[in-house]
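Chains, contacts and geometry: an overview
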Amino acid sequence: MKIKNLRIGQKLQFYVLVITGVVFLVSIGYISIQNRDRALRDTTMLVNSQAATYAEDVSNSFNEDMAVVRTLSQAFQIHLDMPLEEWKPLFVDIYRQVFESNPDFYALWDSWEYSHIDPEWDLPHGRFLNYHFRENGEIGFQELERSLDGDPPLYGAAKAAGREKIWEPYPDQLEVGATASTLMTTLTVPMYHNNNYIGLVGLDITLARLQEMVSQIQPVEGAYAFLLSNQGLYAAHPETHLLEESIADNLWQDEQEHGLLEKIKNGETFSFTSSHEKEEDFYYTFSPVTIGETQTPWSMGIAVPLNNIQQEAMNHFFITIMIGLLGLVVIGSVVWWLSKTISNPINHITALMKRLAKGEIDKSMNLDIRTGDELQQMAEAFNTSIEGLDEKTRFAIEIGKGNLDTDLHLLSEQDALGKSLQQMQTDLKKAKEEEKQRQEENSIRRWATEGYARFSEILRNNNDDMDALAFDIIQNLVKYVDANQGGIFIINDEDPKDVFLEMKGCYAYDRKKFMEKKIYPGEGLVGTCYLERKTIYMTKIPQSYIRITSGLGDENPGSLIIVPLILNDEIYGVIELASFNEFAPYQVEFMEKISESVASTISSVQVNLRTAILLEKSQQQAEEMQAQEEEMRQNMEELHATQEEMGRKSTEMEGILNALDASSYVIEYDLDATVINISDSYINLLKINRDDVIGTHHSDKMDFSHEQQSEYERFWDDLKKGKTKFQEVKVVVDGKVFWLAETYTPIFDQNGKVSKIFKIANNITDSKLSVEKLAEENEELKKKINDLEQKK
């Protein structure tokens, strides 16, 4: 069958089918191949873009934490001229406040070189730490000594860096008794004074948050992300067994081929394709993560399997071919049945569809077909699609301009594209709100941190003038929280019977309120706040309580806050602020937190003032003591004369005692009848050692009957009562008999009480023996007389 013999309808069918089929197949084939290449190219561009985006997110996270450490380091250097005992508790409070405001912080610490603190320290190492940490949900604090025998490697590296530094990842146990460790890193900022290193401020943070973020990154199916440190260690990876390992060990062949570690250390953006890790082709892309002023950037990496991308492109290719073949069948059928009636409308529609396939969308493309059949319905549907696409294009343009409140009307409940665009609009609104909320939170946190630093500087000044300090505090506080007027009341307890709150500083108060400078505990809101020790915050204020005045009139304030100044459960006063506007919760929290620092400073100032008063009194007392010293000098001269007289008498007494010791035997007893001294003459008589006698009891080596024991006790009781006793005793030494006449004399102290017993013994042996001899002779004489009488 020749084509020229065909009828026009058949020719139309033949030519339309052949040409349409060829064009359609070629177009579909070309588009499919291009789509495959474009899919690979678009996916790599998407992965590169997402790697850069996530690298920026990680960098922002680190930089926010680094900003806190940098601010604390700068605050420390501002207070270098303060004594250690003054700034140390001040910054402990600031640390705790910063720590409470940042729940992601694990540990916050500062390290000080002893060579800076102690001028006599001559070693290049040795330091102490103020260490805040989080344990079991609680905030702890320790003061530690470190590096006494040398700096450890991590600290030594941070010390030698001389700039901001992020440490390589390391494991740590966050809870006592934990069996698993958590990967962490540390941000440090050094401190210098006169170009000399004096210490650094450090922040320990966990990498769990980054591990969670990295595990959720999957731009395409089968892809995964990972975070590398400057030394190429895995800081975050979906396969947790790779954490702390080096990428050079995992991809050692790629390290040799591409020099991965060197590029990561230099902070380069690079990519490559490799099959060394999972035995299939993967596309790897790396984007640097810059952190503060460090020179050790980290790197964010994403790996994408090429087979998934190519398989997806092939799936689209086969689907397109099937759709094309189906389209040919449909077009052939339509042409075969309606070639004569629809050739012109089809041509028109085909032309418009080609314009649409090229991405052209315009209302002028609307069809005006009024055949009353399916062609008209097709034209109306086409027009509806054009209008819908035109509205969606306008919607996308407005969204791109940032107008997220633009309305989009769906074509029907099955309008998938319209619903996707509306969902995109909702997601963008949500992201915008979250970003706005995050910026507000960062602004509030920055406002509070700057406020803590500002008021720490204010509290450091005027520490010897309570009035100047109070006015400086209330003036700056009123301005900082955007209040209109305020006053500070400090407790006056100089008279325990008249304790009251005294206004020491005010700002923008009217005359009537200014004159009320003395408030007793429990009187009014200020006195009530003092007694209850709790913050009072009111938005409905009585008309007669306080009014804010200006040159144009006066008005009742919109809010009033009264904050107690408490330190260690002791209240030092209250602060009262009034404003036309209500105070925000973060402003109330800020005032309550600095109130403890204000109370601490007031306590220090009061101590300083009392010290000054005591110093003045001590100077007066010194003058009085100088006069007393002159009087004492005169008394000492008189005493010296008296001592000379006593010395003379003492010499005479010593001569008497020496004479007594030479002529008699002397022993001294304490009130318990224990020997405390014995004369040499007595020792020579008894032929014993002094050490054998001193400390022995008077009754040693004596056996008493019951009656003798009672008589012995009465003997010593009489001596203790001041009575002098006399007795004769017989002593046998080396078989030789000695008779001693002993006189026991009580010795009285200056208060008239018996202090010891003085015994003087005299040797009466000769007289005693003479008496005994006479007695014996008398007995013999009596015996002889009796014998003579008997003889008679």
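A quick note: this is a predicted structure, and the numbers were derived from the prediction, not measured.

1. Quick look at the overall build of the chain
For the chain, the helix and strand inventory stands at 19 helices and 25 strands. Sorting the 792 residues of the chain into buried and exposed places 37% on the buried side. For the chain, the proportion of contacts with a sequence separation of at least 24, taken over those separated by at least 6, is 53%. Roughly 46,500 Å² of accessible area belongs to the chain as shown, and the carbon and sulfur atoms make up 51% of that amount.

2. Structural notes on helix α4 (residues 153–161)
Among the residues making up α4, those that are buried are Tyr155, Ala158 and Lys159. For α4, the buried positions fall inside an angular range of 100° around the axis, keeping them on one side. Counted as exposed and oriented over 90 degrees from the buried face of α4: Pro153 and Ala160. The inward-facing, buried residues of α4 contact β1 (105–113), β2 (127–135), β4 (165–166), β6 (182–193) and β7 (196–206). Immediately beyond the C-terminal end of α4, within one or two residues, lies Gly162, with a positive phi of roughly 75°.

3. Focus on unusual backbone geometry
A positive phi is found at Asn195, a non-glycine position, where the angle reads about 65°. Positive phi, normally seen in glycine, also occurs at Asp569, with a value near 65°. As for its position among the elements, Asp569 is in the loop between β19 (559–567) and β20 (570–579).

4. Some thoughts on the pairing of strand β25 (residues 754–763)
Two elements, strand β21 (residues 665–669) and β25, share five bridges in a ladder whose sense is antiparallel. Bridge pairing in β25 links Tyr669 to Ile757. Summarising the sheet, strand β24 (residues 736–748) and β25 pair through nine bridges and their orientation is antiparallel. Within β25, the position partnered with Glu742 by the bridge is Ala761. Taking the residues between adjacent antiparallel strands as the criterion, β24 and β25 are bridged by five residues, where Gly752 takes a positive phi near 85°.

5. Focus: the pairing of strand β12 (residues 298–305)
Every other side chain in a regular strand lies on the same face of the sheet, so the side chains alternate between the two faces. With eight of eight residues buried, β12 is to be regarded as a mostly interior element. By the alternation rule, side chains of β12 split into Trp298, Met300, Ile302 and Val304 and Ser299, Gly301, Ala303 and Pro305, which are all buried. Two strands pair when backbone bridges link them, and strand β8 (residues 224–228) and β12 are joined in this way by five bridges, in the antiparallel orientation. The partner of Phe226 across the bridge, within β12, is Gly301.

6. Here we look at the environment of Lys756
Mapped onto the secondary structure, Lys756 falls in strand β25. For Lys756, a relative accessible area of 28% puts it in the partly exposed group. The spacing of Lys756 and Lys720 is 36 residues in sequence and 8.3 Å in space, taken between C-alpha atoms. Not counting residues within four places of it along the chain, the set of residues in contact with Lys756 comprises Glu668, Tyr669, Leu671, Ile676, Thr745, Pro746 and Ile747. Of the polar contacts made by the side chain of Lys756, one reaches the side chain of Glu668; its length is 2.9 Å.

7. Here we look at the environment of Asp172
Along the chain, the position of Asp172 falls in strand β5 (residues 170–172). For the pair Asp172 and Thr185, spaced 13 residues apart in sequence, the C-alpha separation works out to 9.5 Å. Non-local contacts of Asp172, meaning those with residues more than four positions away in its chain, are made with Tyr106, Ser181, Thr182 and Met184.

8. Describing the confidence of the model for the chain
Counting all residues, the mean pLDDT for the chain is 79, and 83% of those residues have values of 70 or more. Within the chain, no element has a lower average pLDDT than helix α13 (residues 511–515), which sits at 45, and none a higher one than strand β9 (residues 234–236), at 93. pLDDT under 50 marks residues 510–514. Its contacts with residues more than four places away, or in other chains, come to eight contacts.

9. Considerations on the environment of Trp112
Looking at the secondary structure, you find Trp112 in strand β1. For Trp112, a relative accessible area of 1% translates into the label buried. C-alpha of Trp112 to C-alpha of Arg127: the two residues are 15 residues apart in sequence and 5.3 Å apart in space. In terms of polar contacts, Trp112 uses its side chain to reach the side chain of Asp110, at 2.5 Å.

10. Quick notes on the nonpolar core
Membership of the largest hydrophobic core comes to 50 residues, with the highest contact counts inside it found for Phe62, Leu72, Leu227, Val289 and Trp298. For this core, the leading source of residues is helix α1 (residues 8–78), giving 11 residues. Grouped together as the second largest cluster of nonpolar side chains are 34 residues, Tyr452, Leu459, Ile490 and Leu577 included.

11. A look at the packing of aromatic side chains
A complete count under the given rule lists 28 aromatic pairs for this structure. Relative to Tyr197, the ring of Tyr192 has its centre 5.8 Å away and its plane inclined at 70°; by these criteria the two rings are edge-to-face. The exposure class of Tyr197 is buried, given its relative accessible area of 15%. Each ring, one from Tyr224 and one from Phe226, has its centre 6.1 Å from the other, and the planes form 40°; the classification is tilted. The buried category is assigned to Tyr224, whose relative accessible area is 9%. An aromatic cluster is present here, built from Tyr224, Phe226, Tyr234, Phe270, Phe272, Phe282, Tyr284 and Phe286 joined pairwise through their rings.

12. What about the pattern of salt bridges?
Tallying each qualifying case throughout the model produces 14 salt bridges. Between Asp718 and Lys723 there is a salt bridge, with its nearest N and O atoms 4.0 Å apart. Residue Lys723 is classed as partly exposed on the basis of its relative accessible area of 45%. Salt-bridge contacts for Asp718 lead to Lys725; the nearest nitrogen and oxygen are separated by 2.8 Å. For Asp718, a relative accessible area of 17% translates into the label buried. When salt bridges that share partners are traced, they join Glu64, Glu435 and Arg438 into one network.

13. Some thoughts on a nonpolar patch on the surface
A grouping of Phe14, Tyr15, Val18, Ile19, Val22, Val23 and Val26 is seen on the molecular surface, where their side chains present a nonpolar patch of about 610 Å² in accessible area. Mapping Phe14 onto the fold places it in helix α1.

Rules used in this analysis
Residues numbered from 1 in each chain as written. Predicted model: local features only at pLDDT ≥ 70, side-chain atom pairs only at ≥ 80, totals over all residues. Heavy atoms only, no water. Helix = DSSP H or I, 4+ residues; strand = E, 2+ residues; numbered from the N terminus. Buried < 20%, exposed > 50% of the residue type's maximum accessible area, 1.4 Å probe, protein only. Contact = heavy atoms within 4.5 Å. Areas by Shrake-Rupley, 256 points an atom, 1.4 Å probe, with all protein chains shown as cover. Arc of directions from axis to C-beta. Pairing = 2+ DSSP bridges. Polar contact = N/O pair within 3.5 Å; in protein donor to acceptor, adjacent residues only side chain to side chain. pLDDT = per-residue confidence, 0-100. Core = buried A, V, L, I, M, F, W, Y, C linked by side-chain atoms within 4.5 Å. Phe/Tyr/Trp six-rings, centres within 6.5 Å; stacked < 30°, edge-to-face > 60°. Salt bridge = Lys/Arg side-chain N within 4 Å of Asp/Glu carboxyl O. Patch = residues over 30% accessible without salt bridge, like charges linked within 9 Å, V, L, I, M, F, W, Y side chains within 5 Å.

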